[in-house]
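Summary of the model geometry
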Amino acid sequence: MADVKKIATRDSYGNALKELGAQHDNLVVLDADLAGATKTGIFLKAYPDRHFDCGIAEANMICVAAGMSTTGLVPFASSFAMFAAGRAYEQVRNSIGYPHLNVKIGATHGGISVGEDGASHQCCEDFGLMRTIPGMIVMSPADDVEAKAMVKAAYEHVGPVYMRFGRAAVPVIHDEDYQFQIGKGEVVKDGSDVAIIANGLMVYEAIVAAEELQKDGINAMVINMATIKPLDEELVLEAAKKCGKVITCEEHSIIGGLGEAVCGVLSEKLPTPVKRIGVNDEFGHSGPAAALLKQFGLSAEHIVEVAKEFCGK
Amino acid sequence: MTPSEKKQLQIMACKIRMGIIDATHGAKAGHPGGSLSAAEMFTYLYFKEMNIDPANPKWEDRDRFVLSKGHTAPGLYSALAHRGFFPVEDLPTLRHIDSYLQGHPNMNSVPGVDMSTGSLGQGISCAAGMALGLKHQGKDARVYTLLGDGEIQEGQVWEAMMLASHYKLDNFVVIIDNNGLQIDGAIEKVMSPYPIGDKLAAFGFYVEHIDGHSFDQIESALNNAKAMKGQPSAIIMKTTKGKNVSFMENNAGWHGKAPNDAEHEQAIGELKAILNELEGK
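Quick caveat: nothing in here was measured; it's all calculated off a predicted structure. (Residues numbered from 1 in each chain as written. Chains lettered and ligands numbered in written order. Predicted model: local features only at pLDDT ≥ 70, side-chain atom pairs only at ≥ 80, totals over all residues.)

**Quick notes on the overall build of chain B**
Note the threshold: Segments assigned H or I by DSSP are reported as helices when at least four residues long, segments assigned E as strands when at least two residues long, and all are numbered from the N terminus. Note on method: radius of gyration uses C-alpha positions; expected globular size equals 2.2 Å times residues raised to 0.38. Put simply, a residue is buried when 20 or more other C-beta atoms lie within 10 Å of its own C-beta and exposed when 12 or fewer do; between those, it is partly exposed, and each C-beta is set from the backbone.
For chain B, the count of helices and strands is 10 helices and seven strands. Here the C-alpha radius of gyration of chain B, 17 Å, is about what a compact globule of 281 residues would show, namely 19 Å. Its C-alpha atoms give chain B principal-axis dimensions of about 50 × 45 × 40 Å. Across the 281 residues of chain B, 54% fall into the buried class.

Right, dumping it as structure tokens:
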């Protein structure tokens, strides 16, 4: 997979908004002085009258989006994950979640791969924060194709949605005809020795790891769990039953995210040994994205290591 | 407004106050003080100003009201009930475990509530979003929001003010209930927001100061707001917290406390006397 095409899912977000904007007049986009970085600038260029910059005031932006949604518009409120899910958590909870309004939150720059900006901007807590809100859909795409399909699905879904996109370019692993469905995981590769359940940029790392593990005689299943909530419990249980061991991989704290969601299901319905790969309850720091991912164990190499030990090889 | 119209509004304000007392008494909790201070404004908005239809609470072209100071839900509920959105008899079920009348406004359970509020500072932003959304779609509907004078200590309020002015939301009216008291005491002692009017003017608002218990002044300010083009309006209304219930007036202790049976009886008695006088009985 040396020559795979790479696209950052924040670019996918901007492009998908522009495409959807052409079909739906009621789609509006809000941003908080980050249109260039979140890529809603792509939408702004095409539909300037439907793009509302709220300035550096994310809490207000989230509530403005809530108010707009009650007038029949479908707002996509955009900022960095740190501010959309972090700073504005209570606004999302009380003004979007509690009234169950039709607002979509497009959060870019999620995770440690934000890179050079450092810990203040590397949000590894957003899945956890958003998962706790009743009725909230929480998703993180693996690549460009899935990200675009996800934005479309979010528009079509009536109710609050949180989507996390990345800053760094990641390999495109899906064909253009890939069918995405909210709440459904995707078996990327079948296997029987260990199930690797990943999302976001960790899906590609899991695929590479599975290829490597095959060489050592470990037949790993790889699941892309793009929707963290509602979790595809059926698929988690099926994978656990078949493999008997589960590894979760996410660019998020091991607290509160996909790993805990999977553990929650398994511990109640089918106790299965689980290893969680993620950010280990620590803050990140500045550095190039690729080097940081490696340093924090968010890499195919680390998945291989964990899987081998897990499988006793 | 004719003298007889004004009298009808005064009678309704008194009935809304009685509803507030009945609701908080029934709830054994809640916020009577700031509900009573805004009774004339609730009355004028729901019985004169706003283009609404109780038979069709979600009518898309309706004017909207957002109670940003959501804890004064008893005032809003009493106004909605008397306007015909739901039975007045339900008011004492406020905050009960099986009641749709939630402690703070819930747009999905209470007919006529346009936004779920309660966390201070958020309602005004939601209301600004409504005004922006309606304006964007070329609709004539107007949006009103009521804030407490303590509430404006929340920084988000000023983010919303900035946005309303930036997007020239002339369909948007911010009303501030300046009753001067918040939970911990006088607002200027806790954290002074003064001078409120100067701050709002600096944020680009057309500002009026009124006596919030005068229907003439409420009408004039709202009419002036309607005539204002290209900028949002703010009405700062001086009011008495706990208005028309002698032992609640100007007493911060009645911000969030319910009357017991004896207090309920006394309060209703005082309000009945006012009502009888208005009705010439």
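Having seen the structure, we can now continue with the description.
**Remarks on the domain arrangement of chain A**
Residue and element names in this part refer to chain A. Quick reminder of the rule: An automatic or database domain assignment supplies the residue ranges for each domain. Throughout, a residue-residue contact means that the two C-beta atoms, derived from backbone geometry, are no farther apart than 7 Å.
Each assigned domain of chain A is listed here: domain 1 (6-171) and domain 2 (186-310). Taking only C-alpha atoms, the centre of domain 1 and the centre of domain 2 are 25 Å apart. The interface of domain 1 with domain 2 comprises 27 residues on the first partner and 30 residues on the second.

**As for the sheet that holds strand 14 (residues 274-279) of chain A**
All names here are of chain A. Stated formally: DSSP calls a pair of strands paired once it identifies at least 2 bridges connecting them. Axis definition: a line fitted to C-alpha atoms, limited for helices to the stretch in contact. Angles are taken between N-to-C directions and run from 0 to 180 degrees.
Strand order in the open sheet made by the five strands is 9-11-10-13-14, with mixed pairing throughout. Edge positions in the sheet fall to strand 9 (186-189) and strand 14, since each has one partner strand and no second. Within this sheet the neighbouring strands show an average axis-to-axis angle of 25°, counted without direction. Against the sheet, helix 10 (residues 233-243) makes contact with strand 10 (194-198), strand 11 (220-224) and strand 13 (246-253), and its axis sits at roughly 155° relative to strand 10, the strand it touches most. Contacting strand 10, strand 13 and strand 14, helix 11 (residues 258-269) crosses the sheet at an angle of about 145° to strand 13.

**Considering the interface of chain B and chain A**
Note the following rule: In this classification, Asp, Glu, Lys and Arg are treated as charged, Ala, Val, Leu, Ile, Met, Phe, Trp, Tyr, Cys and Pro as nonpolar, and every other residue, Gly included, as polar.
Between chain B and chain A, the residue contacts involve 23 residues of the former and 23 residues of the latter. Those elements giving two or more residues to the side of chain B that touches chain A turn out to be helix 5 (122-136) and helix 6 (155-166) of chain B. At 10 residues, helix 5 of chain B tops the list of elements feeding residues into the side of chain B that touches chain A. Looking at the side of chain B that touches chain A residue by residue, the class counts come to 11 nonpolar, nine polar and three charged.

**Some words on the pairing of strand 14 of chain A**
Residues and elements named next belong to chain A. Spelled out, the test is: Crossover handedness is defined here as right-handed if the route from the first strand over the helix to the second strand goes clockwise, with the strands pointing away from the viewer.
Two strands pair when backbone bridges link them, and strand 13 and strand 14 are joined in this way by five bridges, in the parallel orientation. In the sheet register, Cys-249 faces strand 14, and the bridge partner there is Ile-277. Traced from strand 13 through helix 11 to strand 14, the parallel crossover comes out right-handed.

**What about the packing of helix 1 (residues 3-27) of chain B against helix 3 (residues 39-49) of chain B?**
All names here are of chain B. Condition: Under this scheme an angle from 65 to 115 degrees is roughly perpendicular, one under 35 degrees roughly parallel, and one over 145 degrees roughly antiparallel; angles in between are oblique. Two helices crossing with the near one rotated counterclockwise from the far one by less than a right angle form a left-handed crossing, whereas a clockwise rotation gives a right-handed crossing.
Between helix 1 and helix 3, the shortest axis-to-axis distance is 9 Å and the interhelical angle comes to 120°. Taken together, helix 1 and helix 3 sit at an angle that is classed as oblique. Of the two elements, helix 1 crosses helix 3, and the hand of that crossing is right-handed. When helix 1 is examined against helix 3, the residues Leu-9, Met-12, Ala-13, Ile-16 and Arg-17 are found in contact with a partner set consisting of Ala-39, Glu-40, Phe-42, Thr-43, Tyr-44, Phe-47 and Lys-48. Of the residues contributing to the contact of helix 1 with helix 3, the split by class is eight nonpolar, one polar and three charged.

**A look at the nonpolar core**
This is how the line gets drawn: When buried Ala, Val, Leu, Ile, Met, Phe, Trp, Tyr and Cys residues are joined through C-beta atoms within 7 Å, the set is termed a nonpolar core.
Judged by nonpolar contacts, the single largest core of 194 residues is most densely connected at Ile-196, Ile-197 and Ala-206 of chain A together with Ala-128 of chain B. Looking at which element gives the most residues to this core, the answer is helix 1 of chain B, with nine residues. If you count residues domain by domain, this core takes at least three from each of domain 1 (6-171) and domain 2 (186-310) of chain A. Residues within four places of Ala-206 of chain A in sequence aside, it is in contact with Ile-196, Ala-198, Val-222, Cys-249 and Ile-303 of chain A.

**As for the packing of helix 1 of chain B against helix 10 (residues 261-278) of chain B**
The description of two helices packed together rests on the angle between their axes and the distance between the axes. Residues and elements named next belong to chain B. In contact at an axis separation of 10 Å, helix 1 and helix 10 are set at 170° when each is read in the N-to-C sense. In terms of orientation, helix 1 lies roughly antiparallel with respect to helix 10. Mapping the contact onto sequence places Lys-7, Gln-10, Ile-11, Cys-14, Arg-17, Met-18, Ile-21 and His-25 in helix 1 and His-264, Ala-267, Ile-268, Leu-271, Ile-274, Leu-275 and Leu-278 in helix 10. A per-class count over the contact of helix 1 with helix 10 returns 10 nonpolar, three polar and two charged.

**Describing helix 9 (residues 215-227) of chain B**
Residues and elements named next belong to chain B. Convention followed: Working rule for helices: expected span equals 1.5 Å times residues minus one. Working note: the arc is built from the helix axis to C-beta atom directions.
Given a rise of 1.5 Å per residue, 13 residues ought to cover 18 Å, and the 18 Å separating the end C-alpha atoms of helix 9 matches this to within 8%. Taken together, the buried positions of helix 9 are Phe-215, Ile-218, Ala-221, Leu-222 and Ala-225. Projected onto a plane normal to the axis of helix 9, the buried residues spread over an arc of 130° and lie on a single side. Of the residues in helix 9, the exposed ones pointing more than 90 degrees away from the buried face are Asp-216, Asn-223 and Ala-227. Looking at the buried residues of helix 9, the elements they touch are helix 1, helix 3, strand 3 (172-178), strand 6 (206-211) and strand 7 (233-238).

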